[in-house]
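A closer look at the structure
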Amino acid sequence: MTEFNVGLIGVGTVGTGVARILLQQGNELAERTGVKFRLKRIVDVDLQRERDLVIPEGLLTDNLDDVLRDDEITCGVELVGGVNAAREIVEKLIDAGKSVVTANKALLAEAGSAILARAAKQGVSVAFEASVCAGVPIVRAVRDGLVADRLESIVGIVNGTANFILTHMKEQQVSYEEALILAQELGYAEADPTLDVGGVDSAHKLAILAQLGFGVDFDFKDISVEGITQIEVGDIQYARELGYEIKLLAIGRQGDAGLELRVHPAMIPHSHPLAVVGGPMNAVLVTGDNVGPLLFQGQGAGERCTASAVVSDLVDVALGKAKVTFDNFGFLPGRNRPQKLRPIDEHRGNYYLRFTAVDQPGVLAQIAGCLGRHDISILSVVQKEARGGKGVPIVMMTDEAKEADFRNALEEIDRLDCIHAQTVWIRVER
């Protein structure tokens, strides 16, 4: 039986899970794969921290060189997180002739092309299934399982923190702030949740899936990113009355007008496959020209499910599958054709609007006039009861419109004397 030696860098939540599987389930892995996995070194900056895992004596070190200089270690697992320090570690592993397994979506989204090119030059591989949706095998599905398809769209709920917050706001009728506090208490949200609730984490995952699925390279900064911090519980209720749910979506669409990549809150019909995905769950709806729509769903974060994906990558590296894939597949960052992303201002869609207006005749006529001057038609309008404070809520749904025209109309509307607060608006996805 082949022995495969592993160096683990980073022993936080996910790193602990990986170590637990390798140390406690090694015999089962060997029976399944024909490979005896040996965790030879664990690198961590804090050797004294308390851990809920007994680590055998001699494994733990705070010196990365103990992995780099060990010729018996074939693969390094980077679970440090972040970009700068992680990139330095990954590059050192590659330069030492070791393949890399990582769950670091930020690193791959922002520097993946350079890292993969470096690995190819050194004759090693980089595997990253755990970087998107943790235990949901979406990377393999898009890269390998759908290789015969031209992908038309990738639409997903890929951040469990944001999805938990929106679900709790809906179910308990509480504010964003209250839902965030609960998410932090339950461990679904970080102390600083900015990357999650601001949409950047979702954008990182979308970038990886888009490169694999659409076969293009692009500037990560060109992805349009918005978060959920401005969503109010009233809008969630109004959306449900209209037959919609509000979700933070990562959206990639390839069409005649170009490739759209965007992350933002969106209203989707109750009949949409993603509408029922609640709590901290992740789900990705992929549509190919041959297979049609496919839904992938499961836990998108946490020790056990992410560690499972990391170990599955280790198996691929040990069996040589990762190297074959890495050497031969064209749809990988840095090997794709470059493509400019379609600007968000060119997006065409329907919109939800909530105005806060004075309760007097002629208000709707003024709003409709502004929209009409920018070629935007109204599908429906409802005046709601005032919920305290100044003004009366007016909820409106528009027909399809170009986003640039829509934004110009909004600026004009918000300057009206009859509007008391900045208008809330949400894109509608079908």
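What comes next is a walk through the structure. Keep in mind that what you see is a predicted model, and the values were worked out from it rather than measured.

1. Concerning the sheet that holds strand β5 (residues 99-102)
Here six strands make up an open sheet; going across it, the order is β3-β2-β1-β4-β5-β6 and the pairing parallel. Each end of this open sheet is capped by a strand with a single partner; those strands are β3 (60-61) and β6 (126-127). Examined bridge by bridge, strand β2 (residues 35-43) and β3 share two bridges and lie parallel to one another. Opposite Val43, over in β3, you have Thr61 as the bridge partner. Here helix α4 (residues 84-95) sits on the sheet in contact with β1 (2-9), β4 (73-78), β5 and β6, set at roughly 170° to β4.

2. Re the pairing of strand β17 (residues 392-398)
The buried fraction of β17 is high, at seven of seven residues. In this sheet, β17 lies alongside strand β15 (residues 348-357) in antiparallel orientation, the contact comprising six bridges. Across the sheet, residue Tyr352 finds its bridge partner in β17, namely Met397. Alignment of strand β16 (residues 378-383) against β17, held across five bridges, turns out to be antiparallel. Counted as the bridge partner of Gln383 is Ile394 from β17.

3. Looking at the packing of aromatic side chains
Scanning the model with the defined rule gives five aromatic pairs in all. Over the ring of Phe326 we find Arg335, and its NZ or CZ is 4.7 Å from the ring centre.

4. Quick word on the packing of helix α5 (residues 105-122) against helix α10 (residues 200-214)
Geometry of a packed helix pair, given as the angle between the helix axes and the separation of the axes. Between α5 and α10, the shortest axis-to-axis distance is 8 Å and the interhelical angle comes to 50°. Relative to α10, α5 is oriented oblique. The way α5 lies across α10 gives a crossing that is left-handed. Side by side, α5 and α10 meet where Lys105, Ala106, Leu108, Ala109, Glu110 and Ser113 of the first sit next to Asp201, His204, Lys205, Ala207, Ile208 and Gln211 of the second. The residue inventory of the contact of α5 with α10, partitioned by class, reads five nonpolar, three polar and four charged.

5. Considering a nonpolar patch on the surface
On the surface, a cluster of nonpolar side chains totalling about 220 Å² of accessible area is made up of Leu364, Ile378 and Val381. As for its placement among the helices and strands, Leu364 is situated in helix α14 (residues 363-373). Given a relative accessible area of 40%, Leu364 falls into the partly exposed group.

The rules behind each value
- Residues numbered from 1 in each chain as written.
- Predicted model: local features only at pLDDT ≥ 70, side-chain atom pairs only at ≥ 80, totals over all residues.
- Heavy atoms only, no water.
- Pairing = 2+ DSSP bridges.
- Helix = DSSP H or I, 4+ residues; strand = E, 2+ residues; numbered from the N terminus.
- Contact = heavy atoms within 4.5 Å.
- Axes fitted to C-alpha atoms, helices over the stretch in contact; angles between N-to-C directions.
- Buried < 20%, exposed > 50% of the residue type's maximum accessible area, 1.4 Å probe, protein only.
- Phe/Tyr/Trp six-rings, centres within 6.5 Å; stacked < 30°, edge-to-face > 60°.
- Lys NZ or Arg CZ within 6 Å of the ring centre and 35° of its normal.
- Parallel < 35°, antiparallel > 145°, perpendicular 65-115°, else oblique.
- Left-handed = near helix turned anticlockwise from the far one by under 90°.
- Nonpolar A, V, L, I, M, F, W, Y, C, P; charged D, E, K, R; others polar.
- Patch = residues over 30% accessible without salt bridge, like charges linked within 9 Å, V, L, I, M, F, W, Y side chains within 5 Å.
- Areas by Shrake-Rupley, 256 points an atom, 1.4 Å probe, with all protein chains shown as cover.
- Salt bridge = Lys/Arg side-chain N within 4 Å of Asp/Glu carboxyl O.

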